[in-house]
Amino acid sequence: MEKRTLGKTGFAISPVSLGTWQVGGKWGSEFNEKNAGTILNMAADNGVNFFDTADVYGDLKVRQALAVVVFERPNHGIPLIFIGSSKSMLFVGAERQPL
């Protein structure tokens, strides 16, 4: 998949994003780690490196599942950028560099 530069960051991101609300499951349902891994890995296998997450998607479990996918693919070029409420963090990449 082609990549585009995100503003002045230098990050090359896919023009297609995966919104991860559905990865967290329905409201009130149990988080399914296997299902989440399947969805996230399928997206990454197809060139997606832009994932829309939120604190409330699976009570941060989606972000944890995404981190597993990212750390299993050190050369895939998925920058982790989490911005949100006090539950979330703000960092980029495995080195957790400030954005």
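Residues numbered from 1 in each chain as written. Predicted model: local features only at pLDDT ≥ 70, side-chain atom pairs only at ≥ 80, totals over all residues. Heavy atoms only, no water.

Observations concerning the overall build of the protein chain
The helix and strand tally for the protein chain stands at 2 helices and 4 strands. The order of helices and strands in the protein chain, counted from the N terminus, is β-β-β-α-β-α. Considering the protein chain as a whole, with its 99 residues, one finds that 36% of them fall into the buried category. Within the protein chain, contacts between residues at least 6 apart in sequence are counted, and of these 54% link residues at least 24 apart. Carbon and sulfur atoms provide 55% of the accessible area of the protein chain, an area that totals close to 6400 Å². (Helix = DSSP H or I, 4+ residues; strand = E, 2+ residues; numbered from the N terminus. Buried < 20%, exposed > 50% of the residue type's maximum accessible area, 1.4 Å probe, protein only. Contact = heavy atoms within 4.5 Å. Areas by Shrake-Rupley, 256 points an atom, 1.4 Å probe, with all protein chains shown as cover.)

As for the confidence of the model for the protein chain
A residue-level look at the protein chain finds 71% of positions with pLDDT of 70 or above and a mean pLDDT of 76. Predicted confidence is poor over residues 88-99, with pLDDT under 50, and the contacts of this stretch with residues over four places away or in other chains come to 25 contacts. (pLDDT = per-residue confidence, 0-100.)

As for the nonpolar core
Of all hydrophobic cores here, the largest spans 14 residues; its most connected members are Leu-18, Val-23, Leu-40, Ala-43, Val-48, Phe-51 and Leu-66. Broken down by element, this core gets its largest block of residues, 5 residues, from helix α2 (residues 61-71). (Core = buried A, V, L, I, M, F, W, Y, C linked by side-chain atoms within 4.5 Å.)

Notes on the environment of Phe-31
In this structure, Phe-31 sits in the loop between β3 (18-19) and α1 (33-45). Taking the C-alpha atoms as reference points, Phe-31 and Val-62, 31 residues apart in sequence, are found 8.5 Å from one another.

Some thoughts on α2
Those residues of α2 that sit buried are Val-62, Arg-63, Ala-65, Leu-66, Ala-67, Val-69 and Val-70. Buried residues along α2 sit against α1 and β4 (51-52).

Examining the side chain of Thr-53
On the secondary structure map, Thr-53 appears in the loop between β4 and α2. Exposure remark for Thr-53: the relative accessible area of 14% places this residue in the buried category.

Remarks on the packing of α1 against α2
A pair of packed helices is characterised by two quantities: the angle between their axes and the separation of those axes. Two elements in contact, α1 and α2, have axes whose closest approach is 10 Å; the angle formed by their N-to-C orientations is 50°. Overall, the two elements α1 and α2 adopt an arrangement that is oblique. Between α1 and α2 lies a crossing of right-handed hand. Touching Ala-36, Leu-40, Asn-41 and Ala-44 of α1 are Val-62, Ala-65, Leu-66 and Val-69, all from α2. Across the contact of α1 with α2, the residue classes tally to 7 nonpolar, 1 polar and no charged. (Axes fitted to C-alpha atoms, helices over the stretch in contact; angles between N-to-C directions. Parallel < 35°, antiparallel > 145°, perpendicular 65-115°, else oblique. Left-handed = near helix turned anticlockwise from the far one by under 90°. Nonpolar A, V, L, I, M, F, W, Y, C, P; charged D, E, K, R; others polar.)

Some points on the pattern of salt bridges
What the rule picks out here adds up to 2 salt bridges. The shortest N-O distance in the salt bridge between Arg-4 and Glu-2 comes to 3.5 Å. Glu-2 gets classed as exposed once you look at its relative accessible area, which sits at 52%. Asp-45 is paired through a salt bridge with Arg-73; the nearest N and O atoms lie 2.7 Å apart. One end of the pair, Asp-45, is in helix α1; the other, Arg-73, is in the segment after α2, and 28 residues separate them in sequence. Relative accessible area serves as the criterion here: at 56%, Asp-45 is assigned to the exposed category. Arg-73 sits in the buried class, given a relative accessible area of 19%. (Salt bridge = Lys/Arg side-chain N within 4 Å of Asp/Glu carboxyl O.)

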